[in-house]
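What the coordinates show
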Amino acid sequence: MFDNLGQQIYNTLVANDRWTMFLDGLLVTLMIAGIAVLMGVVIGSFVAIAKVNAARNKRLKWLNVICDIYLTVIRGTPVLVQLLIMYYIVFAAAPIEMAPYVAALAFGINSGAYVAEIVRSGIMAVPRGQMEAGRSLGLTNGMTMRTIIFPQAIKNILPALGNEFIVLFKETSIVGYVAVQDLTRAAELVRSRTMDAFVPLIFIALVYLGIVMLITWALRKLEKKLAQSDVR
Amino acid sequence: MIIVKELCKQFHNNMVLKGIDEHIERGEKVVIVGPSGSGKSTFLRCLNMLEVPTSGEIWFEGKLLTAPDTDIDKVRQKMGMVFQQFNLFPHKTVGQNIMLAPLKLGLMTEEEAQERAESLLKRIGLSDKIDSYPSQLSGGQQQRVAIVRALAMNPDVMLFDEPTSALDPEMVGEVLDFMHALADEGMTMVVVTHEMGFAKEVATRCLFMDEGKILEQAPPKEFFGSPKNARLQDFLSKVL
């Protein structure tokens, strides 16, 4: 299997400029993950804030019900099934070039449900007295949320959110199911042409690993920066 | 200044306040004592609507706080509150803690707020801590900062919710001394505390609460010297 590793690497990456397939695939993967992360954070924050406020205000009960339905459905079904529904049912009429964006949308909606719970628990973990102190000074609910609660909640949220980014980034490897040419799909295509599975699959595994390590490193730096006020 | 009429507060099936009527005049220092679970903290927290009363009325400077159209945020700017757990903002420096509300609410310019923070910190001898974070301060220092944070808003009344209960014994004195000084300056104060010495020295009026009611109130001399209510007699015999 390894007699000819050099030749196999050459066939996989260099011959016919196949490295461009990997590069294009990686860019698609990053694009989908990037859009999905942003969407997930926006949707998740919105749902979390809606739920936190609905818990305090009886008139917003309907909002809570809508959020709960969203959370239950998204977290209760496989992301691959959600992706297939999005592609073959909701956007059945969309042209093939739109497939990566449809996939990004599906992942964004999916991620939002998990981010919502992360953000909500992060907000709830800030001691009640912080909100009371802010309100007792005459700050409005919104002001206290923005200047007192969120900056503290971020510290609780960030580690779990980073984990969610990483999970999401890796989960995008299933988009090949809806004919999107991401990094994994690129490896599959190369494999089918060179008849060699080892090099392309190990190669993309290393690429995924490298990027995850990069994200982990960046998040750790950010966490350290946010922990400044914790020094004793 | 503060008028409370038939105040009731119920948590689920638990009636915590059972009809309280009370007048607090400008300049009074009212100290509320009573066994734990008597409703004294809840009563205090109702005064600035941190707890929403189940029924009854609370008036402050001519405004009915329990009316739904009252801008409670505006009212709270004039009612400072100090908590048992200090509740300083841990992600802000001492100076930022003090300046935050006046700046956010547009009551002071940056320079005015800075000046006010500096003079307040000087007063409690913590000028050098302006750029420290709360976690770098002792409990007594934190509580004094929490008091000046409330004072930065120039409140008309200060509410203290067991301000020394979370402190190590050796730090209680510095907080009480500061509160004493505030009282001497004429600040209107409502204090829930277990510090009977403070009540004797500083209060103009003491209230005894038990089971959601005010059972007795009198100037401290009479309150401690010749209590009439049997439960107050019993309470004082245990704590003094």
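Preceding block: the structure.
Residues numbered from 1 in each chain as written. Chains lettered and ligands numbered in written order. Predicted model: local features only at pLDDT ≥ 70, side-chain atom pairs only at ≥ 80, totals over all residues. Heavy atoms only, no water.

Attention shifts here to the nonpolar core. By size, the foremost hydrophobic cluster in this structure holds 72 residues, and its most contacted members are Ile2 and Phe43 of chain B. Counting residues per element, this core draws most heavily on helix 5 (residues 99–124) of chain A, which supplies ten residues. Beyond its immediate chain neighbours, meaning those up to four positions away, Phe43 of chain B contacts Val4, Leu7, Leu17, Ile20, Glu22, Ile32 and Met209 of chain B. Met108, Leu137, Met189 and Phe235 of chain B belong to the second largest nonpolar core, which has 51 residues in total. (Core = buried A, V, L, I, M, F, W, Y, C linked by side-chain atoms within 4.5 Å. Buried < 20%, exposed > 50% of the residue type's maximum accessible area, 1.4 Å probe, protein only. Helix = DSSP H or I, 4+ residues; strand = E, 2+ residues; numbered from the N terminus. Contact = heavy atoms within 4.5 Å.)

To continue, consider the sheet that holds strand 3 (residues 29–33) of chain B. Two orientations exist for strands paired in a sheet by backbone hydrogen bonds: parallel and antiparallel. All names here are of chain B. The mixed open sheet is built from six strands, whose spatial order is 6-7-8-3-9-10. Strands at the two margins of the open sheet, each flanked by one partner only, are strand 6 (79–82) and strand 10 (213–218). Between one strand axis and the next, the sheet turns through 20° on average, direction left out of account. Where strand 6 lies against strand 7 (residues 157–161), four bridges are found, and the strand directions are parallel. Looking at strand 7, one finds that Met79 is bridged to Val157. Relative to strand 9 (residues 205–210), helix 9 (residues 230–239) is tilted by about 100°, and along the sheet it contacts strand 3, strand 9 and strand 10. (Pairing = 2+ DSSP bridges. Axes fitted to C-alpha atoms, helices over the stretch in contact; angles between N-to-C directions.)

Attention shifts here to the pairing of strand 7 of chain B. All names here are of chain B. Burial runs high along strand 7: five of the five residues are buried. Residues of strand 7 alternate between two faces, with Val157, Leu159 and Asp161 on one and Met158 and Phe160 on the opposite face, all of them buried. In terms of strand pairing, strand 7 meets strand 8 (residues 188–192) through five bridges, oriented parallel. Across the sheet, residue Asp161 finds its bridge partner in strand 8, namely Val192. Handedness of the strand 7-helix 6 (residues 169–184)-strand 8 crossover: right-handed. (Right-handed = clockwise from strand over helix to strand, strands pointing away.)

Across the contact, 22 residues belong to chain A and 27 residues belong to chain B. Between chain A and chain B, roughly 2,100 Å² of surface is buried when both sides are summed, and carbon and sulfur atoms account for 60% of that area. Counting the contacts that link chain A with chain B gives three salt bridges. With a shortest N-O distance of 3.8 Å, Glu51 of chain B and Arg128 of chain A are connected by a salt bridge. In this assembly, chain A and chain B are joined by five residue pairs in polar contact (both at pLDDT 80 or more). Those elements that place two or more of their residues in the side of chain A that touches chain B are helix 6 (128–136) and helix 7 (141–171) of chain A. Of all the elements, helix 6 of chain A adds the most residues to the side of chain A that touches chain B, at eight residues. (Buried area = accessible area lost by both parts, 1.4 Å probe. Salt bridge = Lys/Arg side-chain N within 4 Å of Asp/Glu carboxyl O. Polar contact = N/O pair within 3.5 Å; in protein donor to acceptor, adjacent residues only side chain to side chain.)

Attention now goes to the layout of surface pockets. Over the atoms, a rolled probe matching the size of one water molecule traces out where space is still vacant. Reported here for the largest pocket is a volume of approximately 1,600 Å³. Along the wall of the largest pocket there are 36 residues; nearest its centre are Arg56, Asn57 and Arg135 of chain A together with Leu50 and Val52 of chain B. The biggest single contributor to the lining of the largest pocket is helix 2 (residues 19–56) of chain A, with five residues. Considered class by class, the residues forming the lining of the largest pocket number 20 nonpolar, five polar and eleven charged. (1 Å grid on protein atoms, 1.4 Å probe; cavity = no way out; pocket = protein on both sides within 12 Å on 5 of 7 lines; lining within 4 Å. Points joined across faces, edges and corners; volume = space filled by probe spheres on them. Nonpolar A, V, L, I, M, F, W, Y, C, P; charged D, E, K, R; others polar.)

Here the focus is the pattern of salt bridges. Residue and element names in this part refer to chain B. Evaluated as defined, the whole model comprises 20 salt bridges over all chains. Here Arg231 ties to Asp210 by a salt bridge, and the two come within 2.6 Å at their closest N and O atoms. With Arg231 in helix 9 and Asp210 in strand 9, this residue pair connects regions lying 21 residues apart in the sequence. In this structure Arg231 comes out as partly exposed when scored by relative accessible area, which is 38%.

Let us now look at the packing of aromatic side chains. Per the counting criterion, the structure on display carries five aromatic pairs over all chains. With centroids separated by 5.6 Å and ring planes inclined at 65°, the aromatic side chains of Phe169 of chain A and Tyr208 of chain A adopt a geometry described as edge-to-face. In this pair, Phe169 of chain A sits in helix 7 while Tyr208 of chain A sits in helix 9 (residues 198–226), placing the two residues 39 residues apart along the sequence. With a relative accessible area of 3%, Phe169 of chain A lands in the buried category. On the basis of an interplanar angle of 75° and a centroid distance of 5.2 Å, the ring pair of Phe223 of chain B and Phe224 of chain B is categorised as edge-to-face. (Phe/Tyr/Trp six-rings, centres within 6.5 Å; stacked < 30°, edge-to-face > 60°.)

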